[in-house]
Amino acid sequence: MTSAIPPHTPGPQVRARTLVRNPKLWLVPTVLSALVAVGLSLLYMGGILNPNENLHRLPVALVDEDRGTPLPGQRETLGKQITDGIVAAGSSRTSVDWRRLDRAQAQDALASGEIFGALVVPEDFTASVAALTTNRATVRPTITVLTNPGLGSLGSSITAQINQNAAHQASLNIGKQLAASTDVPTTRLLLTDPVAVTTQVGHPIGRHSGLGLTAFYYTLLLVLGGFIGGNLVNSGVDTALGYADSEIGPWHSRHPTVPIDRTQTLVLKMLMTAGISVLTTTLVMVATIAVLGMDASHLPMLWLFSYCATVAVGLGVQAINAAFGGIGQLVSMFVFIALALPSSGATVPLEATPGFFRFLGVFEPMHQLSAGVRAILYFDARADAGLARGWIMIAVGTALALAFGFAMTRYYDRRGLRRLTPQPA
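Residues numbered from 1 in each chain as written. Predicted model: local features only at pLDDT ≥ 70, side-chain atom pairs only at ≥ 80, totals over all residues. Heavy atoms only, no water.

**Focus on the environment of Ser306**
Thought 1: Counting through the fold element by element, Ser306 comes out in helix α10 (residues 299-324).
Thought 2: Put simply, Ser306 and Thr219 are 87 residues apart on the chain and 8.2 Å apart in space, counted from C-alpha to C-alpha.
Thought 3: With residues up to four places along the chain from it excluded, the contact list for Ser306 reads Tyr218, Leu222 and Thr281.
Thought 4: Of the polar contacts made by the side chain of Ser306, one reaches the side chain of Tyr218; its length is 2.8 Å. (Helix = DSSP H or I, 4+ residues; strand = E, 2+ residues; numbered from the N terminus. Contact = heavy atoms within 4.5 Å. Polar contact = N/O pair within 3.5 Å; in protein donor to acceptor, adjacent residues only side chain to side chain.)

In structure tokens form, the structure reads like this:
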């Protein structure tokens, strides 16, 4: 190991107050810092400010189980009238994607994460409403709202609010019909809003699931593990091979330069990334599940998916660093963190974000990875709950990282663009 700067450098030293007046020193860090500040502000805040106004085709089920006899003078049951009215009111808007399903289909859609919730009209609904105008009424007519906390607390809450508003409006419409059938003021008042709305969990998740947020934070750990681990490997290898200085506190040193081309350097970094990810993935699972008690099942599947996800991110980081050099960390930060977090759909549903973030969600890795983790943690590792898409995107991301990284390093090597001229020890 050789010291790049002798401990006592003779001659006059430049002072900071002299350099601080040099505009060239300010230019690059100022421009980059400003762009990062503005970019992160727009990305992080732009996706969450008003989810209700940004709703676009949020999938919600409508279940009509009403099989009673229609009210006198009517041809259809109240359940049919309610669901038809909800669909008709929503046909002019694209905020909610109302899906007519039977109870079994709705339960399956909840269990696979295809819908955020459901509005269920029970089998005896028309009969219980008809009884309100007689002396045979024993229960209040009820419409049930089912939630799906596995898709996140915010998405489940938004859907519950939408369903409750739809049920309340249906109750008011029914109340107008019933109130017209009596002249007793007290009875008319009681019949104004005759339907009760109950909220139930349609697909329950574990108590230690962070109200449906553990999938997001666990995915964030995997992405950060790949991102930080990849950058640590990148800087550590460059330092060990003599292509970067090592500074720890006041100690500054540089190793002898090892003659190795860019392609072989990338191979080394990628192999080390894949090897170290075995340890980091295992430690993440030990910390979150064994130590903290996070609810999780299908542990072998979870470990394998976690490892492959971490490696895919790490290889992407190495490819970007190899292509862009010094600014590679900034580029990979935007690719894997800045653009990925607001488009993940794990905290705020993509259906409740502006169109730009829905576009990013098509290819940004965190959305795909969080869907896979969520399927394993909450939806019994079902392929149609997002696990299949997660595996596909891991494969695609790994292939793109390998192709891009080695294409760039071989291009640089063929052009003779060496990183440093080898120095003798």
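**With respect to the side chain of Thr144**
Thought 1: Positionally, Thr144 belongs in strand β4 (residues 142-147).
Thought 2: Residue Thr144 is classed as buried on the basis of its relative accessible area, which comes to 15%.
Thought 3: If sequence neighbours within four positions are ignored, Thr144 has contacts with Ala118, Leu119, Val120, Thr198 and Gln200. (Buried < 20%, exposed > 50% of the residue type's maximum accessible area, 1.4 Å probe, protein only.)

**A closer look at the nonpolar core**
Thought 1: Counting 70 residues, the largest nonpolar core has Leu119, Phe125, Ile174 and Tyr218 as its most contacted members.
Thought 2: Broken down by element, the residue count for this core peaks at eight residues, all from helix α6 (residues 153-179).
Thought 3: In this view, Phe125 contacts Asp66, Leu78, Gly79, Ile82, Pro141, Thr142, Ile143, Ile174 and Val195; residues no more than four positions away in its chain are not counted. (Core = buried A, V, L, I, M, F, W, Y, C linked by side-chain atoms within 4.5 Å.)

**Some details on the pattern of salt bridges**
Thought 1: Throughout the structure, instances matching the rule amount to ten salt bridges.
Thought 2: For Asp97, the salt bridge goes to Arg99, with nearest N and O atoms at 3.1 Å.
Thought 3: Linking Asp108 and Arg382 is a salt bridge whose minimum nitrogen-to-oxygen distance equals 3.1 Å. Taken as a pair, Asp108 in helix α4 (residues 103-111) and Arg382 in the loop between α13 (365-378) and α14 (387-414) lie far apart in primary sequence, 274 residues in all. (Salt bridge = Lys/Arg side-chain N within 4 Å of Asp/Glu carboxyl O.)

**Side note on the UniProt feature "transmembrane region" (unreviewed entry) in the chain**
Thought 1: What UniProt calls "transmembrane region" (unreviewed entry) maps, in this numbering, to residues 26-49, 215-233, 271-292, 304-324, 330-350 and 391-412.
Thought 2: Between the first and last C-alpha atoms of residues 271-292 the distance is 31 Å; the span itself is 95% helix and 0% strand. (UniProt positions renumbered as here; feature names shortened; annotations may be inferred.)

**Topic: unusual backbone geometry**
Thought 1: Unlike most non-glycine residues, His298 shows phi in positive territory, near 50°.
Thought 2: Along the chain, the position of His298 falls in the loop between α9 (262-291) and α10.
Thought 3: Of note in this structure, Asp380 is not a glycine but carries a positive phi near 60°.
Thought 4: Mapped onto the elements of the fold, Asp380 is located in the loop between α13 and α14.

**Re the sheet that holds strand β3 (residues 117-121)**
Thought 1: Spatial strand order, β2-β1-β3-β4-β5: five strands in an open sheet with mixed pairing. Edge positions in the open sheet fall to β2 (96-100) and β5 (196-201), since each of these has one partner strand only. Ignoring which end each strand starts from, the neighbouring axes of this sheet average 25° apart.
Thought 2: Contacting β1 (58-64), β2, β3 and β4, helix α3 (residues 78-90) runs over the sheet at an angle of about 160° to β1. (Pairing = 2+ DSSP bridges. Axes fitted to C-alpha atoms, helices over the stretch in contact; angles between N-to-C directions.)

**Things to note about the pairing of β4**
Thought 1: Most of β4 sits out of view: five of its six residues are buried.
Thought 2: Of the pairings in the sheet, the one linking β3 to β4 comprises four bridges and is antiparallel in character. Residue pairing across strands places Leu119 opposite Val145, the latter belonging to β4.
Thought 3: Relative to β5, β4 runs parallel, the two sharing six bridges. Its bridge partner being in β5, Thr142 is matched across the sheet by Ala196.

**Quick look at the packing of aromatic side chains**
The relation between two aromatic rings is expressed through the spacing of the ring centres and the mutual angle of the planes.
Thought 1: Counted according to the given criterion, the structure contains eight aromatic pairs.
Thought 2: The interplanar angle of 80° and the centroid separation of 5.1 Å between the aromatic rings of Phe305 and Trp391 together place this pair among those described as edge-to-face. Of this pair, Phe305 sits in helix α10 while Trp391 is found in helix α14, placing the two residues 86 residues apart along the sequence.
Thought 3: Under the relative-accessibility criterion, Trp391 is labelled partly exposed at 27%. (Phe/Tyr/Trp six-rings, centres within 6.5 Å; stacked < 30°, edge-to-face > 60°.)

**A short note on the environment of His255**
Thought 1: Structurally, His255 can be placed in the loop between β7 (251-253) and α9.
Thought 2: Considered as a pair, His255 and Thr239 are 16 residues apart in the sequence and their alpha carbons are 7.0 Å apart.

**Looking at helix α2 (residues 23-46)**
Thought 1: If you check α2, its first and last C-alpha atoms are 33 Å apart, about what 24 residues at 1.5 Å a residue would give, namely 34 Å.
Thought 2: For α2, the set of buried residues is Val36, Gly39 and Leu43.
Thought 3: In this structure, the buried side of α2 is in contact with α11 (328-338) and α12 (355-360).
Thought 4: The backbone nitrogen of Lys24 lies 3.0 Å from a side-chain oxygen of the residue at the head of α2, namely Asn22. (Expected span 1.5 Å × (residues − 1).)

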